[in-house]
Amino acid sequence: MPLFETVYGGKGKLKDGREVAVPPRTVLQRMGPCLPVIISATQEHQDTLVQRGIEVPNPVSGTGLIDTGASVTTVDEDVCRKMALTVTSAMQVSHPGGNETRACYAIQIHFPGTPIPPLIAPMAISVNLSGGQPPYILLIGRDLLAHLRMVYNGPMGRIELAF
Amino acid sequence: MSTEPLKTELGYFEKHRADFVERAPGKFVLIKGEEDYGFFDSAENAYKHGMELFGVDPFLIKEILPEDQIHEIPAHFLGLTHASL
C-alpha cells in the first residue's frame, strides 16, 4: 500500500511575545490527527449539474479530524448547505440527550498536497461542526478508515496513512 | 438539516423492512418514491445507480438491517471538538 505521512509542528508565544517552536508530539497530542481536506460534490453530482446547465458549487476547504471514536463520517451541515447537496439517507446518532435522526449527504473528500486519492462518502451524516477549534468541516469516521491503515506515532508527532 | 425530502422513501422502507431483511440482509437498497430499485453490495454502488436513474433529485439509500444502527460520534456530541486548547 502507498504510504503518506504528515509531521505536525507549530509555534507558541511566550509571555514576552517571543515565538518558540512546539514539539511535534505536543502539537499532535493537542490537535489530534487532523489534516487539510477539500469537500466537493461527487463527480456524478457535478456531471449531472453540468448536463442540466446548472452551475457546479465551489468545493469547500478546511480541516478534517480523523476520529477513531466515530463509527461514521460526519460533515459540517453548512458545507452541505453551501453546496446545495441532495439528501441521500437518514441515520440515527446517539448523544447525551438520546438519539436523533440526521440527514446524510454524498460528498467527495480530497486530501490536498497528499497522494491519497479522493474518497466518496455516499452517506456522510450532517452535523454542526462550525463551533470547533479549529473549525473542523469533517470528522473522518471508521467507515472511511475501513479504506486506510493509520499509524498514530505519538513520540514522533506524526501520523502515517497507507491507502 | 431536514430529512423531509425523503419522508415518502423512509416510510416505504419501514413498511417493507421485514421483507428486505429476508431478501437481502446487510445489503443497501435504493428507493425513490414508493418503489425500490435494487439491492447493492455497497452504499457507493447504490449511490452511483441512483445518480444514473434520478440525477440530483432526492433518493434514499438504506442499509438493510432488522433495526437501524445507532451511530456514535462522541467527540462531537460530548463537545470535545469544541474544546479550546
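The structure this text deals with has already been given above.
Residues numbered from 1 in each chain as written. Chains lettered and ligands numbered in written order. Predicted model: local features only at pLDDT ≥ 70, side-chain atom pairs only at ≥ 80, totals over all residues. Heavy atoms only, no water.

Chemist: Got a sec to walk through the packing of aromatic side chains? Specific residues and values, please.
Modeler: All names here are of chain B. Counted by the stated rule, this structure contains 6 aromatic pairs over all chains. Measuring from centroid to centroid gives 5.7 Å for Phe20 and Phe39, while their planes differ by 75 degrees, and the two rings are edge-to-face. Highlighted residues: Phe20 in helix α1 (residues 7-23) and Phe39 in strand β2 (residues 35-40), separated in sequence by 19 residues. The buried category is assigned to Phe20, whose relative accessible area is 1%. Ring centres of Tyr47 and Phe59 lie 6.1 Å apart, and the angle between their planes is 40 degrees; this geometry places the pair in the tilted category. (Phe/Tyr/Trp six-rings, centres within 6.5 Å; stacked < 30°, edge-to-face > 60°. Helix = DSSP H or I, 4+ residues; strand = E, 2+ residues; numbered from the N terminus. Buried < 20%, exposed > 50% of the residue type's maximum accessible area, 1.4 Å probe, protein only.)

Chemist: Let's hear about the interface of chain B and chain A: which residues, and what values?
Modeler: Tallying the contact residues gives 37 residues for chain B and 48 residues for chain A. The junction of chain B with chain A conceals about 3400 Å² of combined surface from both sides, 66% of it contributed by carbon and sulfur atoms. On the surface where chain B and chain A come into contact, there are 1 salt bridge. At the junction of chain B with chain A, the criterion picks out 9 residue pairs in polar contact (both at pLDDT 80 or more). The leading source of residues in the side of chain B that touches chain A is helix α2 (residues 43-54) of chain B, at 6 residues. Residue composition of the side of chain B that touches chain A, by class: 22 nonpolar, 9 polar and 6 charged. Pairing of strand β7 (residues 87-95) of chain A with strand β4 (residues 70-72) of chain B involves 3 bridges; the strand directions are parallel. (Contact = heavy atoms within 4.5 Å. Buried area = accessible area lost by both parts, 1.4 Å probe. Salt bridge = Lys/Arg side-chain N within 4 Å of Asp/Glu carboxyl O. Polar contact = N/O pair within 3.5 Å; in protein donor to acceptor, adjacent residues only side chain to side chain. Nonpolar A, V, L, I, M, F, W, Y, C, P; charged D, E, K, R; others polar. Pairing = 2+ DSSP bridges.)

Chemist: A description of the sheet that holds strand β1 (residues 3-7) of chain A should follow, citing residues and the corresponding values.
Modeler: Residues and elements named next belong to chain A. The 3 strands lie next to each other as β1-β12-β11, forming an open sheet whose pairing is antiparallel. Both outer strands of the open sheet, β1 and β11 (149-153), are each paired with one neighbouring strand and no more. Sheet twist, expressed as the mean angle between neighbouring strand axes with direction ignored, is 15 degrees. Where helix α1 (residues 24-31) meets the sheet, it contacts β1, β11 and β12 (158-162), and its direction lies at approximately 120 degrees from that of β11. (Axes fitted to C-alpha atoms, helices over the stretch in contact; angles between N-to-C directions.)

Chemist: Give a detailed account of the pattern of salt bridges, specifying residues and quantitative values.
Modeler: Scanning all chains against the criterion turns up 13 salt bridges over all chains. A salt bridge links Arg158 of chain A to Glu160 of chain A, with the shortest nitrogen-to-oxygen separation between them at 2.9 Å. With a relative accessible area of 14%, Glu160 of chain A lands in the buried category. Among the ionic pairs, Lys62 of chain B bridges to Asp68 of chain B, the shortest N-O distance being 3.0 Å.

Chemist: How would you sum up the nonpolar core? Please name residues and give values.
Modeler: Here is a general trend for soluble globular proteins: nonpolar side chains tend to be buried in one another's company. Within the largest apolar cluster, 72 residues are counted, with the highest numbers of intra-cluster contacts made by Ile39, Val75, Ile107, Ile109, Phe111 and Leu138 of chain A together with Ile61 of chain B. For Leu138 of chain A, the residues in contact, after removing those within four places along its chain, are Val37, Ile39, Thr63, Gly64, Leu65, Thr73, Thr74, Val75, Ile107, Ile109 and Leu129 of chain A. (Core = buried A, V, L, I, M, F, W, Y, C linked by side-chain atoms within 4.5 Å.)

Chemist: Could you give me a rundown of the side chain of Glu160 of chain A, with the residues and numbers involved?
Modeler: Topologically, Glu160 of chain A is positioned in strand β12. Once residues within four sequence positions are removed from consideration, Glu160 of chain A is found in contact with Leu3, Phe4, Glu5, Arg149, Met150, Val151 and Asn153 of chain A.

Chemist: Lay out α2 of chain B in plain terms, naming residues and giving numbers.
Modeler: With 12 residues, α2 of chain B should cover 16 Å at 1.5 Å per step; its first-to-last C-alpha distance of 16 Å lies within 8% of that length. Gly55 of chain B sits one or two residues past α2 of chain B and shows a positive phi near 60 degrees. (Expected span 1.5 Å × (residues − 1).)

Chemist: Explain the pairing of strand β4 (residues 34-40) of chain A to me, using residue names and the numbers behind them.
Modeler: Residues and elements named next belong to chain A. Extensive coverage of β4 is indicated by the burial of 5 of its 7 residues. Of the strand pairs in this sheet, β4 and strand β5 (residues 60-66) are connected by 6 bridges, and their pairing is antiparallel. Each residue of the ladder has a partner; that of Leu35, found in β5, is Gly64. Here β4 runs beside strand β8 (residues 98-110); their pairing, made up of 3 bridges, is antiparallel.

Chemist: Give a detailed account of the sheet that holds strand β1 (residues 28-32) of chain B, specifying residues and quantitative values.
Modeler: All names here are of chain B. The sheet built from 3 strands is open, its strands ordered β2-β1-β3 with antiparallel pairing. Each end of this open sheet is capped by a strand with a single partner; those strands are β2 and β3 (60-63). Neighbour to neighbour, the strand axes of the sheet diverge by 25 degrees on average, direction disregarded. Taken together, the 4 bridges between β1 and β3 define a ladder with antiparallel strand orientation. Paired with Leu30 across the strands is Ile61, a residue of β3.

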